[in-house]
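# Analysis of the macromolecular model
The chain contents come next:
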Amino acid sequence: TGLAMGRAVGQAMVVLLAACAVMPAKDPLLNVCMDAKHHKTKPGPEGKLHDQCSPWKDNACCTANTSSEAHKDQSNLYNFNWNHCGLMPPKCKRHFIQDTCLYECSPNLGPWIDQVDSSWRRERILHVPLCKEDCEEWWEDCKDYLTCKENWHKGWNWATGTNRCPWGSMCRPFSEVFPRPKDLCEKIWSNSYKYTTEHRGSGRCIQMWFDPAQGNPNVVVAKFYAWKKRSSPAQMEKVIPEVDKAMCALPWAVLVLLPLALVVLLEGSWGCGSH
């Protein structure tokens, strides 16, 4: 009976240890806020996010004040003025507001956070795969608006404290500066976004626009790309220590029962050997 009991306890311990080994450590790529100018340190509920930022209210990296500023023509967020080549039409502006809300509020951009050495942020997003519809609707609604620059991240004349067209530049239609939706999405913010042929709801692209009543579709997308990133050979070295951490973080019950199991196993083996 000692041997049988020892085997039973041993098997139970193996199951517990195996369960422990597969318990994932918290994934640093999921449900995170980037280290940037207006972001919270951790995502969480925000009761009153303004207008187009409201889809993120249940779990946001932005505050209510940031969401309100995102809707202003002359926002205090970055002193950036959309109307640098005349008045931006509302149907175009709403995409830039939504783009700002995604950037400031989304906790689902972890797989694309990149380190930067900048005076106003330590992290940025790079190559976020944007859904085809989001990119093409953005371009369609803005194609007739004028702009003087392809990259809106840098190269402006800031002499007056807000962005103005650089000396000698001309205001031209979006459709000339950005001939295709891909050009707009990828070039306007220094490759923050990547144009994709993936559709909304596919689980393979980030949506700027979504109905919060249906849940946040970007949660699944972030999980997929986090898994993909971890599965690549270059990331394997980073994965192994995390598995070790998960192994080491054994529940207290396992730690208490382990010595007892060893004693029972040893007693069982002695009993068997005496016959």
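One structure accompanies this document, and this report is about it. The structure displayed is predicted, hence computed values, not measured ones.

## Here we look at the state of the cysteines
For the structure shown, the criterion picks out eight disulfides. A sulfur-sulfur distance of 1.9 Å marks the disulfide that ties cysteine 135 to cysteine 185. Judged by the sign of its S-S torsion, about 135°, the cystine formed by cysteine 135 and cysteine 185 is right-handed. One end of the pair, cysteine 135, is in helix H4 (residues 132-142); the other, cysteine 185, is in helix H6 (residues 181-187), and 50 residues separate them in sequence. Looking at cysteine 135, the relative accessible area reads 0%, which means it is buried. Judged by its relative accessible area of 0%, cysteine 185 falls in the buried class.

## A short note on the environment of serine 190
By secondary structure assignment, the location of serine 190 is in the loop between H6 and strand E6 (193-195). For serine 190, a relative accessible area of 17% translates into the label buried. The spacing of serine 190 and lysine 154 is 36 residues in sequence and 8.9 Å in space, taken between C-alpha atoms. Those residues in contact with serine 190 that lie beyond four places of it in its chain are Arg124, Leu126, Asn151 and His153. A distance of 3.0 Å separates polar atoms of two side chains, one belonging to serine 190 and the other to asparagine 151.

## Section: the pattern of salt bridges
All chains considered together, the criterion is met by 10 salt bridges. The residue lysine 143 makes a salt bridge to glutamate 140 at a minimum N-O spacing of 2.8 Å. Using a relative accessible area of 38% as the deciding quantity, one classes glutamate 140 as partly exposed. Between glutamate 150 and lysine 187 there is a salt bridge, with its nearest N and O atoms 3.6 Å apart. On the criterion of sequence distance, the pair formed by glutamate 150 in the loop between strand E4 (146-147) and strand E5 (172-173) and lysine 187 in helix H6 is long-range, its members being 37 residues apart.

Thresholds applied
Residues numbered from 1 in each chain as written. Predicted model: local features only at pLDDT ≥ 70, side-chain atom pairs only at ≥ 80, totals over all residues. Heavy atoms only, no water. Disulfide = S-S within 2.5 Å. Helix = DSSP H or I, 4+ residues; strand = E, 2+ residues; numbered from the N terminus. Buried < 20%, exposed > 50% of the residue type's maximum accessible area, 1.4 Å probe, protein only. Contact = heavy atoms within 4.5 Å. Polar contact = N/O pair within 3.5 Å; in protein donor to acceptor, adjacent residues only side chain to side chain. Salt bridge = Lys/Arg side-chain N within 4 Å of Asp/Glu carboxyl O.

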